[in-house]
Each structure stands twice: as structure tokens, then as C-alpha cells.
Amino acid sequence: MGNAANADVETIVRSRYCGLRDIYVAKLLQNTQTAYAADVPVKLARAINAKISDKWSSEKVYSDDGTEDTITSYEGTEVEIEISTLAPQDRALLFGQLYDNGFLVKSRNDLAPELALGFRTKRRNGKYEFTWLYCGKFGQGVDDEFETQAEKVAVKSNTIKGDFYDRQKDGQYQIVVDEGNLLEAHEDAKAAIEDWFGKVQEKEQAAG
């Protein structure tokens, strides 16, 4: 006969996404072969939608008239986020533009800084999935759309686009905690989501 059932049995919970909120960015202070560090996260405007696309390449290796192996490699993550609006301070942070004494100045020499990107997505079961992308740049800029005011006011939003990638220290590029699948034993992950946007989270020191 088998052992008595464990009170903390793992059951896989699958629930559809139904919400998005709390878009945060943190400017990277270090991203080297030996160290990774990010500044205190800053909240952006209200979230509308996001598309996060991991890109992988695949190459087959052939021998003896057949496929011997398939080599896959991570090429990066494309990010497109629609938010309610961007303040000039947001544009300075995201795109490296100059905001000084009330003036926002854009230059062809502007360089988007390395950032970490965090957010949370709601599932149909009422739980959230928490995400941090470790490093990337919104170097593709922003889409602005304007329209004259008519009888029915058309409210516009901003869409920012960026490319994210693995960090130099260990090749990690994303960390996720699905609240709906946490067990009692997952103490570090539970502690992490309590302060998910207080810092860029790490698995080894999530609650530190």
C-alpha cells in the first residue's frame, strides 16, 4: 500500500488571463559577467494591454540521412505595452531623453537605458501571475496618436516597444510566480509576491 497522502499535494491549476496591471520599470545599475543590480522600481502609467513574445531559433543537425539533433537558442523577447499616457519624466527614463527645467528635449543621440520590466496579470480564478523581465531597452520608441476633438471625444493612449534579453551574469531573462499554483512549502515565492514591485526579484534571495 502507498504512504498516506501528503496534506500539501501539488495540483496544477490552469486559469485563463483576464487582466493586466502595475507596470513597473527599474533602471539597471549593473549587468556584467559577475554582477546584476537594479535601482528601485518606478511605476508607469495605467496598463491597457501587453504583448510579450519570446523568440527562439531552431536548427537541425543531420547525419546518416536523418535528423540527429535539434539545436535551439534564445534570441530575445519582444515587448509591446499599451499604457494610458506617458509623462515627460517617463519618457526621460524609458528613452534617455532630456527632461530639464520643465522642457522635454528629444535628440537623435538619445540612448535608451537598460531596464528591468515588471508587471502582474490577473487570472480567472482571481489569482495573479507576477513577472519580471531582467534586462532590455525600449529602443523602438513610442507610438503617439493625436486627433482633433469632435462631438464624441476620442481618448488616446501610448504604446511603447522594446527588446529584452538574457542578463550577462547567468543567462536568466525572466522570473515568474503564479500565485494560483503556490503550495504551503513555497515560502520564498510567497514572500516575493508580497513585495514584488519593491525590487527586481531573485529566486535565491526573493524575500531579502
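Scroll up to find the structure.
Residues numbered from 1 in each chain as written. Predicted model: local features only at pLDDT ≥ 70, side-chain atom pairs only at ≥ 80, totals over all residues. Heavy atoms only, no water.

Turning our attention to the pairing of strand β5 (residues 66-83). The pairing of strand β4 (residues 47-63) with β5 spans 16 bridges and is antiparallel. Paired with Ser-57 across the two strands is Ser-73, which belongs to β5. As consecutive antiparallel partners, β4 and β5 are separated by 2 residues, and within that stretch Asp-64 has a phi angle of approximately 50°, a positive value. In this sheet, strand β11 (residues 158-165) lies alongside β5 in antiparallel orientation, the contact comprising 7 bridges. For Val-79, the partnering residue across the bridge sits in β11 and is Gly-162. (Pairing = 2+ DSSP bridges. Helix = DSSP H or I, 4+ residues; strand = E, 2+ residues; numbered from the N terminus.)

Glancing now at the nonpolar core. Membership of the largest hydrophobic core comes to 18 residues, with the highest contact counts inside it found for Tyr-36, Ala-116, Trp-132, Trp-196 and Val-200. Those elements giving two or more residues to this core turn out to be β1 (17-31), β9 (128-137), β12 (174-178) and α2 (187-194). No other element matches the 5 residues that β9 contributes to this core. Filtering out sequence-adjacent residues up to four positions away, Trp-196 remains in contact with Phe-119, Phe-130, Thr-131, Trp-132, Ile-175, Val-177 and Gln-201. The next biggest cluster of nonpolar side chains, apart from the first, holds 17 residues, and it includes Val-25, Ile-81, Phe-95 and Phe-138. (Core = buried A, V, L, I, M, F, W, Y, C linked by side-chain atoms within 4.5 Å. Buried < 20%, exposed > 50% of the residue type's maximum accessible area, 1.4 Å probe, protein only. Contact = heavy atoms within 4.5 Å.)

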